[in-house]
Amino acid sequence: MSTFKIPKLYVFGLLALYANAPSIAASFPCEKASTPVERLICQDKELSDYDAYLGRYYAAARSVLPQASQCISVDQKQWLRRVRDVCKDTLCLKKAYLLRLGELNGVQPGATLLKNLKLPDTPTLVAIIPPAEDQIAAPRRPNPVSMSVTGKLLNEVSDGDGYVVLAKDGRKHLLVGLMFLDDSTTQLEWLSKAGSTDYLVKGAASAEEAGSVSFSQAACRYIYRVQ
């Protein structure tokens with residue numbers, strides 16, 4: 001199993017940031033709760049705790065993955081809109097929060113890591129590849145087609161196209177092409193060394209049509225370790 005490496009600089013900063021954080025509080029002022037979901041969170045102590053925990057997990061993830069902080073922000077907004085805010089009761093909300101905490105658990109330093117809360121077994125985020133900076137070689141496209149693949153991460157930099165995901169059906173899906181390798185992709189080297197580990201990779205297809213064999217280099221690519 002691969003281990004996420006947290007830069008020491010961020011650990012020290014987060015320790016200072018959360019040393020005096022309250023143990024029970026929603027991530028927003030309850031006196032300003034304006035939606036049914038926010039009111040449900042403020043009315044339930046356990047759910048309020050989960051919301052506060054997630055606020056810390058989200059902030060820590062952005063700090064330890066600074067090159068992909070915009071990707072994390074987009075992903076969090078999508079989770080709020082598509083998952084959390086469609087819940088109608090506390091049971092649904094608690095399940096949603098625990099799963100989200102489980103997803104972000106893999107990129108937490110000791111300062112924020114939850115040690116007394118059992119999280120569900122779910123794919124956990126270990127890395128994010130941000131969009132390529134070269135927008136000519138990797139043009140942004142409107143309405144990209146979502147794409148997700150589960151399989152092994154292979155390093156084919158020396159004799160292939162770059163880093164690829166080998167799916168269970170035997171097909172290879174290009175994750176990062178050779179010309180797009182930079183400081184934001186160095187984490188792929190040690191992830192690919194975990195030969196027995198399966199990863200779930202989410203992103204966008206390289207073309208408008210579904211079924212593309214390559215991930216778009218112009219979109220965020222989220223890499224989760226499969227439990």
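In short, a report on the structure. (Residues numbered from 1 in each chain as written. Predicted model: local features only at pLDDT ≥ 70, side-chain atom pairs only at ≥ 80, totals over all residues. Heavy atoms only, no water.)

## Considerations on the nonpolar core
Counting residues in hydrophobic clusters, the biggest one holds 33 residues, and the most contacted among them are Tyr-97 and Ile-128. Secondary structure elements with two or more residues in this core: helix H2 (36-43), helix H3 (45-64), helix H4 (69-82), helix H5 (90-104), strand S1 (124-129) and strand S6 (221-225). The element that contributes the greatest number of residues to this core is H3, accounting for 8 residues. Apart from the residues lying within four places of it in its own chain, the contact partners of Tyr-97 are Ile-41, Leu-47, Tyr-50, Asp-51, Leu-54, Trp-79 and Arg-84. In terms of nonpolar packing, the next biggest core, distinct from the first, is built from 23 residues, Leu-175, Val-201, Ala-205 and Phe-215 among them. (Core = buried A, V, L, I, M, F, W, Y, C linked by side-chain atoms within 4.5 Å. Buried < 20%, exposed > 50% of the residue type's maximum accessible area, 1.4 Å probe, protein only. Helix = DSSP H or I, 4+ residues; strand = E, 2+ residues; numbered from the N terminus. Contact = heavy atoms within 4.5 Å.)

## Thoughts on the environment of Glu-46
Residue placement: Glu-46 occurs in helix H3. The exposure class of Glu-46 is partly exposed, given its relative accessible area of 37%.

## Remarks on the layout of surface pockets
Each pocket or cavity is described by its volume, and for the largest pocket that value is around 640 Å³. Asp-75, Gln-78, Arg-82, Ser-146 and Tyr-222 are the residues nearest the centre of the largest pocket, which is lined by 22 residues in total. Looking at the lining of the largest pocket, the elements that each hand over two or more residues are H4, H5, strand S2 (146-156), strand S5 (199-204) and S6. Take the lining of the largest pocket: its biggest share by element is 5 residues, from H4. In terms of residue class, the lining of the largest pocket is made up of 13 nonpolar, 4 polar and 5 charged. (1 Å grid on protein atoms, 1.4 Å probe; cavity = no way out; pocket = protein on both sides within 12 Å on 5 of 7 lines; lining within 4 Å. Points joined across faces, edges and corners; volume = space filled by probe spheres on them. Nonpolar A, V, L, I, M, F, W, Y, C, P; charged D, E, K, R; others polar.)

## Notes on the pattern of salt bridges
One side chain can pair with another of opposite charge once the charged atoms of both are near each other. If you walk through the whole model with that rule in mind, you get 12 salt bridges. A salt bridge links Asp-51 to Arg-84, with the shortest nitrogen-to-oxygen separation between them at 3.9 Å. A residue pair is termed long-range when its members are at least 10 positions apart, and Asp-51 in helix H3 and Arg-84 in the loop between H4 and H5 qualify at 33 residues. Of the two residues, Asp-51 and Arg-84, neither departs from the other in class, the shared state being buried. Close ionic contact of Arg-100 with Asp-75 constitutes a salt bridge, the shortest N to O distance being 2.9 Å. In this pair, Arg-100 is assigned in helix H5 and Asp-75 in helix H4, connecting sequence segments 25 residues apart. Per residue, the accessibility class of Arg-100 equals that of Asp-75, and both read buried. Within this structure, Asp-44, Glu-46 and Lys-94 form a network of salt bridges that share partners. (Salt bridge = Lys/Arg side-chain N within 4 Å of Asp/Glu carboxyl O.)

## Overview of the pairing of S2
Of the strand pairs in this sheet, S2 and S5 are connected by 6 bridges, and their pairing is antiparallel. Considered in S5, the bridge of Thr-150 is made with Leu-200. Sheet topology note: the S2/strand S3 (residues 162-167) ladder contains 6 bridges and is antiparallel. The residue of S3 that forms the bridge with Leu-153 is Val-165. (Pairing = 2+ DSSP bridges.)

## Points about the side chain of Asp-51
Classification of Asp-51 as buried rests on a relative accessible area of 4%. In this view, Asp-51 contacts Ala-26, Ser-27, Phe-28, Ile-41, Arg-84 and Tyr-97; residues no more than four positions away in its chain are not counted.

## Side note on the sheet that holds S1
Spatially, the 6 strands line up as an open sheet ordered S1-S6-S5-S2-S3-S4, and their pairing is antiparallel. If you trace the sheet from one side to the other, it starts and ends with S1 and strand S4 (172-177), each paired once. The mean inter-strand angle of the sheet, taken between neighbouring strand axes irrespective of direction, is 40°. Contacting S1 and S6, H4 runs over the sheet at an angle of about 80° to S6. (Axes fitted to C-alpha atoms, helices over the stretch in contact; angles between N-to-C directions.)

## Observations concerning the state of the cysteines
Summed over the entire model, instances satisfying the criterion amount to 3 disulfides. One disulfide bridge connects Cys-71 with Cys-220, the sulfur atoms lying 2.1 Å from each other. Taking the sign of the S-S torsion, about -85° here, the bridge from Cys-71 to Cys-220 comes out left-handed. Of this pair, Cys-71 sits in helix H4 while Cys-220 sits in the loop between S5 and S6; the two residues are 149 residues apart in sequence, bridging distant segments of the chain. When its relative accessible area of 19% is taken as the criterion, Cys-220 is described as buried. Residue pairing for Cys-87: its cysteine sulfur links by disulfide to Cys-92, the two sulfurs lying 2.1 Å apart. (Disulfide = S-S within 2.5 Å.)

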